[in-house]
Amino acid sequence: MSALSTSTATRLIRTEFRLTFRDPLVLTFVLVFPIVTMLIIGGSFGTTPDPSFEGVNPSHWYVASYLTVVVAATGLVMMPVHLASYRERGVLRRFAVAGFPRWSFAIAQLVIGIVTIVVAGVLLLLVAAPVYGIPAVHDVWRVVAGLTLGAIGFVSIGVLLGTLLPSARAAQAVGLLLFFPSFLLGAGGPPPQVMGSALRAVSDFLPLTWVTTSIRQPWLGIGTPTGTLVEVAALAVVATVVAVRRSAL
Amino acid sequence: MANTDTEAVVTVRGLHKRYGDRTVVNGLDLDVHAGEVLGLIGANGAGKTTTVECIQGLRRPDSGVLRVLGCDPVRDAERLRPMLGSQLQDSALPDRLRVGEAIELFATDRAHNGDDLLAQFGLIERRKAAFASMSGGERQRLFLVLALLNRPRLVILDELTQGLDPAARRDVWAAVAQLRDAGTTVLLVTHELDEAEVLCGRVVAMRSGRVLDQGPPADLISRHAPWAMIRFAWSRPGVDDLLADLRPLPGVQVVATTPGRVEVRGTRQSIAYVGAELVKRGAVPDDLSVELPDLESALLHLLDEPDTPVEFGRSRNIAKTGPTDHALAGANR
Ligand SMILES: Nc1ncnc2c1ncn2[C@@H]1O[C@H](COP(=O)(O)OP(=O)(O)O)[C@@H](O)[C@H]1O
Ligand SMILES: [Mg+2]
């Protein structure tokens, strides 16, 4: 990597960062939507520990679940729409012909995806803190591992979808179609204990459920799902490898 | 060795490119010399963009040899691209990117001062404007600025004035003329022949992926449209006499009349003979006019012929297009 290319990546990251936080889709869908839905759902079941919520305070259960809503909104909606629109409008060709190496764009997307998740996640917790309180984190390292691997996995899925889908509209349609079931069954909807067996089976099958479980259980001290964490790690590795291969020339 | 005047910046030999089983560039040869503005002209679909995309290394040719600034565009893309300044057809910037930020994004260590360029192309006031808020002409001027930003050795402009109103077109033309006068090497792709005639020292005309003819615009005009059209009003008696006297004049090809008007088509020399005849008769009309063809009228029919798919790899192909090309390259149409 020459100095020139390295500074290319820096310039791209700086630009993409600005654009990301000017994008109304990002502002509404990644920053605001998770907060609003968390406030509504988190306040719907009271604060008394409940067996449907594995014996914890339902509000805390949702606070510990909603970081993955941000992960899904970023990976399934924001990134695919962003990338597909860049390709559709010839922005990627312009980057290529300006001599930006492909990897510099891939790195920029990875960085922006992760940064967006961190910013939106912090904002979510800042709003949750005075309203529902932040539940104590029982096993910090497992939570950090689950969140990091899940974020990398979903950002890579986002890059992959962005390279596969032909237009921003298609990306938006497919992204929302993937997002809402994942959101309702895998993060922000009813707890698995109250789902029927069919829904439960679908939920167990969703990658977002794996990520949520690998964060929520160690956070609330209701389990140490090592198997799930391994699944999330595998997801991150596979998605990243495929995404890198797809976006290589 | 090549001297500096004609140093080859781009050399293309036998370029072929197909999409599926459709051949879009079919054995194209092209040279761009240092310091010239070369126009690559042809109707929509002729294969111009595909050709320049091969030169930029954005597409991989099926066969043929390409050297661009000493590089193979695909293999040496990393080395070549910083030396190119490209304005692409159908390529936008992100809507919310501002002009100043675009400069920041694309400027490398070698870059010109961005503000100087923005000022030169009349965009300095728009530094804070988002791409989406810019007019078509402003966008194209921004693309020019970006194409020039990193002191490229070759500037490639593809349909620079597409979709612009006449005033914006003139602005952009003036900008390209500045480049030409500064000695920048430019490959200008356009389907608008008046643009090529105004801006280019030399043009290469292509159709269906092949070169039809090339040379300075004036040469192409005299080769493909060597005639002149002389028109005047004639209300006196004796029009038949006049026509009979004009017809045998050297260079006169067609003499036609509508009530009250005479039209003479002939070589450029015939202008002098027709004029002399009118003077001799002591009847020089007030409204005498001479129309000389421009590049557009010279090449329009040539370039706009139906874009029949070219059959590939058979002698049939040569038999079909060969004689046509010959006839068209000859002096008379
Ligand atoms: N990616 C592509 N896939 C298939 N056909 C294409 C593609 N790009 C261009 N073409 C076709 O190739 C022909 C030449 O296109 P192009 O090089 O853009 O011509 P020009 O720039 O002279 O208008 C056109 O008929 C166009 O439809
Ligand atoms: Mg074109």
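Located above this text is the structure these notes cover.
Chemist: Help me out: how do you make sense of the interface of chain A and chain B in this one?
Modeler: With 22 residues of chain A at the interface, the matching set in chain B holds 24 residues. Summed over both sides, the interface of chain A with chain B buries roughly 2,400 Å², with 54% coming from carbon and sulfur. At the boundary of chain A with chain B, the tally comes to 6 salt bridges. For the salt bridge of Glu101 of chain B with Arg18 of chain A, the shortest nitrogen-to-oxygen distance reads 3.8 Å. At the boundary of chain A with chain B, the tally comes to 13 residue pairs in polar contact (both at pLDDT 80 or more). Secondary structure elements with two or more residues in the side of chain A that touches chain B: α1 (3-20) and α5 (91-97) of chain A. For the side of chain A that touches chain B, the leading source of residues is α1 of chain A, giving 7 residues. Broken down by class, the residue content of the side of chain A that touches chain B amounts to 11 nonpolar, 3 polar and 8 charged.

Chemist: Looking at this structure, I do not really get the side chain of Arg202 of chain B. What am I missing?
Modeler: All names here are of chain B. Note that Arg202 resides in strand β8 (residues 202-207). Within polar-contact distance, the side chain of Arg202 engages the backbone oxygen of Asp31 at 2.7 Å. A distance of 3.3 Å separates a polar atom in the side chain of Arg202 from a polar atom in the side chain of Gln214. Here Arg202 is in contact with Asp31, Val32, His33, Glu36, Val37, Leu38, Gly39, Gln214, Gly215, Pro216 and Pro217, once residues within four sequence places are set aside.

Chemist: What is the right way to read the coordination of the magnesium ion (ligand 2) from this model?
Modeler: Ideal donor angles around a metal are set by the shape: a four-donor tetrahedron calls for 109.5 degrees, a six-donor octahedron for 90 or 180 degrees. Those protein atoms acting as donors to the magnesium ion (ligand 2) are Thr49 of chain B (OG1) and Gln89 of chain B (OE1), and they sit at 2.0 to 2.2 Å. With Thr49 of chain B in helix α1 (residues 48-55) and Gln89 of chain B in the loop between β5 (84-87) and α3 (99-106), this residue pair connects regions lying 40 residues apart in the sequence.

Chemist: Is there a simple way to think about the layout of surface pockets in this case?
Modeler: Where empty space is left becomes clear once a probe the size of a water molecule has been rolled over the atoms. By volume, the second largest pocket is sized at about 370 Å³. The wall of the second largest pocket is formed by 18 residues, among which Asp23, His82, Ser85 and Tyr86 of chain A together with Arg96 of chain B lie closest to the centre. Elements represented by at least two residues in the lining of the second largest pocket include exactly α1, α2 (24-42), α4 (67-88) and α6 (102-131) of chain A. The element best represented in the lining of the second largest pocket is α4 of chain A, accounting for 5 residues. The class makeup of the residues in the lining of the second largest pocket is 8 nonpolar, 5 polar and 5 charged.

Chemist: Honestly, the pattern of salt bridges in this entry has me stumped. Any pointers?
Modeler: When the charged atoms of two side chains lie near each other, side chains of opposite charge can form a pair. All names here are of chain B. Going through the model one piece at a time under the given rule, you end up with 28 salt bridges over all chains. For Arg231, the salt bridge is made with Glu291, and the minimal N-O distance between the two is 2.9 Å. Here Arg231, found in strand β10 (residues 227-233), pairs with Glu291, found in strand β13 (residues 289-291); they are 60 residues apart in sequence, far enough to count as distant. For Arg231, a relative accessible area of 21% corresponds to the partly exposed category. Residue classification places Glu291 among the partly exposed residues on the basis of a relative accessible area of 42%. Salt-bridge contacts for Asp287 lead to Arg261; the nearest nitrogen and oxygen are separated by 3.4 Å. Taken together, the residues Asp287 in the loop between α10 (270-280) and β13 and Arg261 in strand β12 (residues 261-267) connect sequence positions 26 residues apart.

What counts and how
Residues numbered from 1 in each chain as written. Chains lettered and ligands numbered in written order. Predicted model: local features only at pLDDT ≥ 70, side-chain atom pairs only at ≥ 80, totals over all residues. Heavy atoms only, no water. Contact = heavy atoms within 4.5 Å. Buried area = accessible area lost by both parts, 1.4 Å probe. Salt bridge = Lys/Arg side-chain N within 4 Å of Asp/Glu carboxyl O. Polar contact = N/O pair within 3.5 Å; in protein donor to acceptor, adjacent residues only side chain to side chain. Helix = DSSP H or I, 4+ residues; strand = E, 2+ residues; numbered from the N terminus. Nonpolar A, V, L, I, M, F, W, Y, C, P; charged D, E, K, R; others polar. Donors = N, O, S within 2.8 Å, 3.2 Å for Na, K, Ca; no water. 1 Å grid on protein atoms, 1.4 Å probe; cavity = no way out; pocket = protein on both sides within 12 Å on 5 of 7 lines; lining within 4 Å. Points joined across faces, edges and corners; volume = space filled by probe spheres on them. Buried < 20%, exposed > 50% of the residue type's maximum accessible area, 1.4 Å probe, protein only.

Bear in mind that shape data such as this cannot, by itself, settle questions of function.
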